[in-house]
Amino acid sequence: MTLKKPNHKILSIWRIRLLGMSVIPSFFTAYFSAWAFHWVWKVWTVLWVGGFLYLYIFYYPIKYKKLSYTFNSRCFILNCGVIYTRVKALPLQNIQYAAVISTPLERLFGLRSLAVMCAGASVYVPGLDAQDALQLQDILTPGKFSGGDPL
Amino acid sequence: MNNASKAVHAHPFSIFTYLYRYIFLLIIPVARGFFTGLTGGFAAWLSGAWLDVLIVVAIISLAYLKWDNFKYYMDIHGIYYTYGIFFKRAGFIPSQKISTFAVMKPFWLRPLRVSKVRVDTIALRPQKADLEFFVSFDQADRLQDFFNTSPLTQGKVLCQYRPSIMGVVFLSLFTSNSFIGIVLMATFISQMGQILGRQFNDFVFYTFEELSRLLAIGIPPIAAGAALILVAGWLIAFCFNLLQTKNLCTRRTQHGLQIGGGVITQKHYELRISDISFVDIRQSLLTKLFRLYSVYLNAIGFGKEKDDISAIIPFSTQKRTLNRLSLLLPEYRISPRQLKPNFGAVFKFIIDPFWPCVLIPAGTLVAAWFLPNWTSIIRFTGFMLSVPAFWFLGVRLVDFATSGISKIDDYYTLRYSKLYYIHTVVFNWDKIALINIRQSILQRGDDKCDIVISTRAEGRRTHHIRNLDRQPSLEIFHAHENH
């Protein structure tokens, strides 16, 4: 079965989001820079800068590297995870529906995400090309797929 | 003639149940009384009493209108309903989508010959049924007949199981919860105190004090008092549970299960076999040691409310339990373990209870050293806190020895523990919502993984098995990309 990777632009989107979220802690660091010699300021700065660098250099690249999806005769399979490597398998017959989701940032890069819903569980697939997302949504809609390799 | 024109009202008793929804309007007269009492006195309050009367009339009127606007009609095809005063809703639930049809007869409604009907599907919230209403006994029987004559539920009774009284007693013994008993006891004492006056409350508290003193042999009276409350609470919960599960009877038809029982509230459920999510054979550490098994069902609309029946086979020996299960649910076959954790995985099982088992006794010793005047109560508290910690350790050790996965045809058997219970769960492949095969950094070395299965249900229900071989796990659940 063909293993498909999401578009590499999703890594840029995650990093841009991270930069956006780091505005507030960096603002506090700059605002209280007069207290630079106080231990609270130092601990705060080290924590958020360390977290930012960890996510930017290690976490998101590993997340993208491990992210892929495919089908087999019975399941839709999503490989994901960073600290825990996960294989999430959704039995095709229990899928209720799939929804295409997009944020403004994703639309700017021409990407979409897909939320696949079952009774009792759901799975989220980020970083799909718009066309791929619609195709996958169509495939995962109940009654339209019965096994084989639709990719 | 369409369904809307054939729809009828629910029992007028429903008006009383709707009253509580508008009880919040009483805040207006209460607030008015409070403020006029502070400022204007009795005369001022009396002059505005017309508003209080108006609010009460409004509450009763709204409850009546709510009853008047609720109508239903049921035939073999399904149930049509309409409700709402301002925000109206009309719906139709087809018979084939109804997972559970239940009729409940609480003892306080039996003199009025009123019963509660509950209709449930896989949709909407897991905490509440899709449709609930009150009807007369005769009407409830008629509605049940409609559900029974649906092609998916009809069929003659193939077998029947009625557990012995000892099985029901054991079930209540091991599943009674002290907390629920304490709540019931507190409510009862407080209500009786209001009815009978202060003397009753004083009598109860005096009796409690005397008993605590009598039982305080070698332990502080306050600890004896706490133990007495727990035991009394458990006893009340036990009696309550026993009355809820007495007369338990399960019948198997071709496509369904009929389950009934209860004394306080007589309950009757009709379930479709195809809507059973999984069968759960549940044991505590104590029942595991005594080799007693009880079988629970997880099905949509079944075992939802706190006084619902959820066990279909109360405590029996293994041979009897498996024999009964093979008669009632022959599809759900338990298979021997195929995948199980290796010996080195024992630390993964005992790491959670390990810390309380070490820290609580250590903390007790330290606290006793710092506060020597409180030694006896600290030791007693430490001992009481250590018991559940070591009990949990025992459960996890048993879990390590017995956990695993197996498969026969398309039926999976999972063995695992959750908190203080050991579960053997059987379900069909088509009841799986999500298979999550999770590998941590430490597990990568020997290619082990944890498996978390979500089963198809109204809410989320997961089953977690620890430290199995990754490749065989992928294959047994068809989660391999080359399958």
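All residue numbers here refer to positions counted from 1 along the written sequence of the relevant chain. A letter from A marks each chain and a number from 1 marks each ligand, given out in the order of writing. Totals for whole chains, interfaces and linings use every residue, but because this is a predicted model, local features are given only for residues with pLDDT of at least 70 and side-chain atom pairs only at 80 or more, for both listing and counting. Side-chain calculation: all heavy atoms of the structure are included, whereas hydrogens and water are not.

### What about the packing of aromatic side chains?
Residues and elements named next belong to chain B. So the rule is basically this: Centres within 6.5 Å are what make two rings of Phe, Tyr or Trp a pair, Trp counting through its six-membered ring; a difference in plane orientation under 30 degrees is then read as stacked, over 60 as edge-to-face, and the rest as tilted. Accessible area is worked out with a 1.4 Å probe on protein chains only. A residue is then buried under 20% of its type maximum, exposed over 50%, and partly exposed in between. The numbering of helices and of strands both runs from the N terminus, where a helix is a DSSP run of H or I of at least 4 residues and a strand a run of E of at least 2.
Counted under the stated rule, the structure contains 27 aromatic pairs over all chains. Seen from their ring centres, F13 and F16 are 6.1 Å apart, and the 45° between their planes marks the pair as tilted. Of the residues examined, F13 reaches a relative accessible area of 17% and is grouped as buried. Judged by its relative accessible area of 56%, F16 falls in the exposed class. Ring geometry for F392 versus Y420: centroids 5.5 Å apart, planes at 50°, classification tilted. Of the two residues, F392 sits in helix α14 (residues 375-402) while Y420 sits in the loop between β16 (411-418) and β17 (421-428), which places them 28 residues apart along the sequence. Classification of F392 by relative accessible area gives buried; the value is 15%. Y420 sits in the partly exposed class, given a relative accessible area of 32%.

### Things to note about the environment of A:H38
Position of A:H38 among the secondary structure elements: in the loop between α2 (23-31) and α3 (39-66). In this structure the C-alpha to C-alpha distance between A:H38 and A:I77, which are 39 residues apart in sequence, comes to 50 Å.

### Re the UniProt feature "transmembrane region" (unreviewed entry) in chain A
Residues and elements named next belong to chain A. What counts here: UniProt positions are given in the numbering used here, feature names are shortened, and annotations may be inferred rather than shown by experiment.
Per the UniProt annotation, the sites labelled "transmembrane region" (unreviewed entry) are residues 12-33 and 39-59. Here residues 12-33 is 86% helix and 0% strand, with 30 Å between the C-alpha atoms at its ends. Within residues 39-59, the helical portion is 100% and the strand portion 0%, while the C-alpha atoms at the span's ends are 28 Å from each other.

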